[in-house]
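Understanding the architecture of this molecule
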Amino acid sequence: MTVTIKELTNHSYIDHELSASLDSTDAFEGPEKLLEIWFFPPNNAVSAGKTLRDIAMDRWIEILKLVKCEVLSMKKTKELDAFLLSESSLFVFDYKLTLKTCGTTTTLFCLDKLFQTIEQELSWNLHKTPDGKYKLFKVFYSRRCFLFPCKQAAIHQNWADEVDYLNRFFDNGKSYSVGRNDKSNHWNLYVTETDHSVPQAKECIEDDDETFEVLMTELDPDCANKFVCGPDTSTSAPAEPNEDKGHNLGYEMTKKTKLDEIYLNSSQDSNLSFHHDAFAFTPCGYSSNMVLDEKYYYTLHVTPEKGWSYASFESNIPVFDISQGKQDNLNVLLHILNVFQPREFSMTFFTKNFKSKSFQKILTINESLPEYTKLDKIIYDLDDYHLFYMKLQKKI
Ligand SMILES: C[S@+](CC[C@H](N)C(=O)[O-])C[C@H]1O[C@@H](n2cnc3c(N)ncnc32)[C@H](O)[C@@H]1O
């Protein structure tokens, strides 16, 4: 069950007008700001009331306006809503969300409105400290160094200002600068200490949450070209009223580059469900969300322009477990590197389970990448997560 044309007409929401009008020819900041908020612990069963997935589309549009991005389309699955944005993606689960935005978006400016919306629309009583800061289960905010920091708005121009801003909302955050600072290509992380006072079900099942991210720069020009569609010269309307050119081309790019075949479980003979949504920008650029087994996602975003080419991959799929040991993150990484062939890339892997086969495999992953030299390799023991970071460069 790899990507099928049928899925093109299977959106829960689609903005055809926006899809037809997006165009950009300026230098573009591919590297994303990544915000992940866990309002309650995983598998939380405390709240029998509304969840984040009950927030209406027009509310999300208002919240995202503050971030300076728009919703292109959305797919609802049994356990998550996957939004494809004009600048990357938003994934909304019952009690957590992941917002990934690139360009000159102002990600953190949505926090106030987001919390207000949650309190008003969902009647959640978000816990606060006496000085009015939010006590949420866990918050992550991360990004690599920007390619064009001066183009960013206000607080996003430098990490210290972003941390100050986050500290206005949370009182238990820690900030890390990961990797060499002298090369202007390190990676930053802000993470709050897990708040165990947040109410949770007595029999809350501990989740082996893991996230794998690969951030690539200086893509091979031929590989990058596969994500260029050129100026829109067509005057004809899309074949189907439920389709638009951006989504049609996104589908074709996904198929041609085999980005729908990264995980074995998305193949025909798998019994797990697979949903996808992809968009090709004019004249170039690509974004896609893929959802496996109704609750796991992987997302890819590509800025192919020469001079600032960039591609990112992020996944919360526990590949070793879900494939019953047939596939691991090395196979996933090799597939991605083959599609983009970057000159440099960094990867991060978060897991709660230090002893898992996935984490043990990741620790030596560079030994299986003979074309690349390791620049940085760092492990952090963070509260209840372990973080692995590695930066690599192609051998000349
Ligand atoms: C949104 S996509 C993917 C961004 C992503 N963060 C990445 O990894 O590169 C960005 C690519 O689409 C192109 N693009 C074209 N029109 C755009 C628009 N209206 N908004 C954002 N990107 C646009 C950009 O020039 C860039 O090549």
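Counting starts from 1 at the beginning of each chain's written sequence and moves along it residue by residue. In keeping with the predicted nature of the model, local features appear solely for residues at pLDDT of at least 70, side-chain atom pairs appear and are counted solely at 80 or more, and the whole-chain, interface and lining totals rest on all residues.

**With respect to the sheet that holds strand β11 (residues 274-280)**
Condition: Any two strands are treated as partners once DSSP identifies two or more bridges connecting them. Labels follow the DSSP assignment, with helices taken as runs of H or I lasting at least four residues and strands as runs of E lasting at least two, numbered in each case from the N terminus. Axis definition: a line fitted to C-alpha atoms, over the contacting stretch in the case of helices. Angles run 0 to 180 degrees between N-to-C directions.
As summarised here, the arrangement of the 8 strands in space is β11-β12-β13-β14-β10-β15-β17-β16, forming an open sheet in which the pairing is antiparallel. At either margin of the open sheet sits one strand with a lone partner, and together these are β11 and β16 (372-382). Ignoring which end each strand starts from, the neighbouring axes of this sheet average 10° apart. In this structure, strand β10 (residues 210-217) lies alongside strand β15 (residues 344-351), joined through 8 bridges in antiparallel fashion.

**Thoughts on the site of the ligand**
Just so we agree on the cut-off: Only the C-beta atom matters for nearness: placed from the backbone, it must lie within 6 Å of the molecule or strand for the residue to count as near. Nonpolar residues are Ala, Val, Leu, Ile, Met, Phe, Trp, Tyr, Cys and Pro. Charged residues are Asp, Glu, Lys and Arg, and all others, Gly as well, are polar. All domain edges in this entry derive from an automatic or database-based domain assignment.
In the vicinity of the ligand there are 23 residues, among which Gly30, Cys102, Gly285, His301 and Thr303 approach most closely. Taken together, the elements giving at least two residues each to the shell around the ligand come down to β13 (296-303) and β14 (310-315). The class makeup of the residues in the shell around the ligand is 9 nonpolar, 10 polar and 4 charged. Each of domain 1 (11-205) and domain 2 (212-394) accounts for three or more of the residues forming the shell around the ligand.

**Quick notes on the pairing of β11**
Put simply, the rule is: Neighbour density around each residue's C-beta defines its exposure: 20 or more other C-beta atoms within 10 Å make it buried, 12 or fewer make it exposed, and counts between make it partly exposed, where C-beta atoms are placed from the backbone.
Burial within β11 is extensive, with 7 of its 7 residues counted as buried. Residues Phe274, His276, Ala278 and Ala280 line one face of β11 and the alternating positions His275, Asp277 and Phe279 line the opposite face, and both faces are buried. Pairing of β11 with strand β12 (residues 286-292) involves 7 bridges; the strand directions are antiparallel. Bridging from a neighbouring strand, His275 pairs with Val291 of β12. Remark: 5 residues form the turn of the hairpin made by β11 and β12, two consecutive strands paired antiparallel; Gly285 in that turn has positive phi of roughly 115°.

**Brief notes about the environment of Lys395**
Selection criterion: Throughout, a pair of residues is in contact if the C-beta atoms placed from their backbones lie within 7 Å.
When you line up the elements, Lys395 lands in the segment after β17 (385-394). The exposed category is assigned to Lys395, around which 9 C-beta atoms lie within 10 Å. Put simply, Lys395 and Thr373 are 22 residues apart on the chain and 6.0 Å apart in space, counted from C-alpha to C-alpha. Setting aside chain neighbours within four positions, we find Lys395 in contact with Glu371, Tyr372 and Thr373.

**A word on the domain arrangement of the protein chain**
Along its sequence, the protein chain is carved into domain 1 (11-205) and domain 2 (212-394). The centre of domain 1, based on its C-alpha atoms, is set 20 Å off from the matching centre of domain 2. In this assembly, 36 residues from domain 1 lie in contact with 34 residues from domain 2. Elements with a minimum of two residues in the side of domain 1 that touches domain 2: α1 (16-21), β3 (71-76), β4 (81-85), β5 (88-92) and β9 (187-192). Residue composition of the side of domain 1 that touches domain 2, by class: 15 nonpolar, 12 polar and 9 charged.

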